[in-house]
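Structure at a glance
One-letter residues, chain by chain:
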Amino acid sequence: MGNFTTGVKETRFYNDVISGLSGFPKQLFSKYFYDAIGDKLFQQIMNCDDYYLTKCEMEILELQTEAIIDSISADDYFELVELGPGDGTKSIKLLKELTHKKADFTYIPIDISHSVIDNLEALVADTLPEVKTSGMNGDFFDMLNQLRNSNGARRVVLCLGGNIGNMTVGESHAFCGKLRQSLSKGDKIIFGFDLVKNPKIIRRAYDDSEGITKRFNLNLLERMNRELCSDFDVKKFEHYCSYDPETGSCKSYLVCLQDLEVHFPEAVIPFKKDEYIHMEISQKYTLSQISDMAHKTGFVVDRNFFDSKKWYVDSVWEA
Ligand code: AVI
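Heads up: these notes are all about the structure in this document. (Residues numbered from 1 in each chain as written. Predicted model: local features only at pLDDT ≥ 70, side-chain atom pairs only at ≥ 80, totals over all residues. Heavy atoms only, no water.)

1. Side note on the sheet that holds strand β12 (residues 276-283)
- With respect to topology, four strands assemble into an open sheet ordered β1-β12-β9-β8, the strand pairing being mixed. Strand pairing shows two members of the sheet lacking a second neighbour, β1 (26-27) and β8 (237-244), which therefore form its edges.
- Helix-sheet contacts for helix α11 (residues 212-228) involve β8, β9 (249-256) and β12, and the interaxial angle to β8 is about 120°. (Pairing = 2+ DSSP bridges. Helix = DSSP H or I, 4+ residues; strand = E, 2+ residues; numbered from the N terminus. Contact = heavy atoms within 4.5 Å. Axes fitted to C-alpha atoms, helices over the stretch in contact; angles between N-to-C directions.)

2. Points about the site of the ligand
- Near the ligand lie 14 residues; those nearest to it are Tyr51, Asn166, Tyr206, Glu280 and Ser282.
- Between an oxygen atom of the ligand and a side-chain N or O atom of Tyr51, the distance comes to 2.5 Å.
- Ser282 has a polar side-chain atom sitting 2.6 Å from an oxygen atom of the ligand.
- Look at the ligand: alone it shows 340 Å² of surface, and the protein chains cover 97% of it.
- Elements represented by at least two residues in the shell around the ligand include exactly α3 (36-47), α11 and β12.
- Among the residues forming the shell around the ligand, the class breakdown is seven nonpolar, six polar and one charged. (Near = heavy atom within 4 Å. Polar contact = N/O pair within 3.5 Å; in protein donor to acceptor, adjacent residues only side chain to side chain. Areas by Shrake-Rupley, 256 points an atom, 1.4 Å probe, with all protein chains shown as cover. Nonpolar A, V, L, I, M, F, W, Y, C, P; charged D, E, K, R; others polar.)

Everything listed here is a matter of coordinates, which is why it stays silent on function.
So, in structure tokens, the structure goes:
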């Protein structure tokens, strides 16, 4: 084990995990869900019956593409910057319609993962060879600032999939404020927000009947075993999800079923029976909270596009 563990302790992942599990309450960053197995499980979540977010957003992008494109004023050259594009299934619909309309733009997906960008560039080159694509690897804000300094083109930013929900309300205000500083007046942003609705529907989406979300959460324990040489016994942890209609916060936890110790290279983490690890927040919003956030962070809401059930909104903001 000695050689195998060499280097693990120096990684950002190890340090985040040890500090997250040493505090109270114990917590892990949900960005670490997404290793190769987590990516596949997330694909399954998006396709499962109980998880409605992706279907709602696809419906919006399929049925209202023309109106969305009108709302971003695609007549002159612009850069279409996508933050956290995933596999591109959603944005490809917009790209197709923009190409059809002969819009002059460059598609710039930004992601921290090399493989996300490489796969997406290959997909766009294959399916829409006429689209100019220039993927960027790294931190969203570093990349946006780099773009601003390079050519001053107008930008339309896509932040789809409800990813903003994985921040607390305070964090998302800070994120939007920082985003505004990286943009220029007249730039636009399309944000996908999951809206408040019947609490049972929300809870079902994060505790699906097929147990995929449970496996998605437990995979992070297995990922730590694989990559950080820890010895979590995943059978001793149970997935639990809560939704509070008063705050709109949906939270996922892993609850420990008995007193135990988990060993890491150079750290031992004790767990008490019923102690939990906070795994993820998926914040839900009302329309007035969305426009309040836009105003407080220097944007105006141009238009909102809803799915037919009004469960989800793609909100177009102007800087
Ligand atoms: C990526 N993000 C928007 C998903 C969500 O709905 O919060 C992640 C997810 N976690 C469990 N299911 C889906």
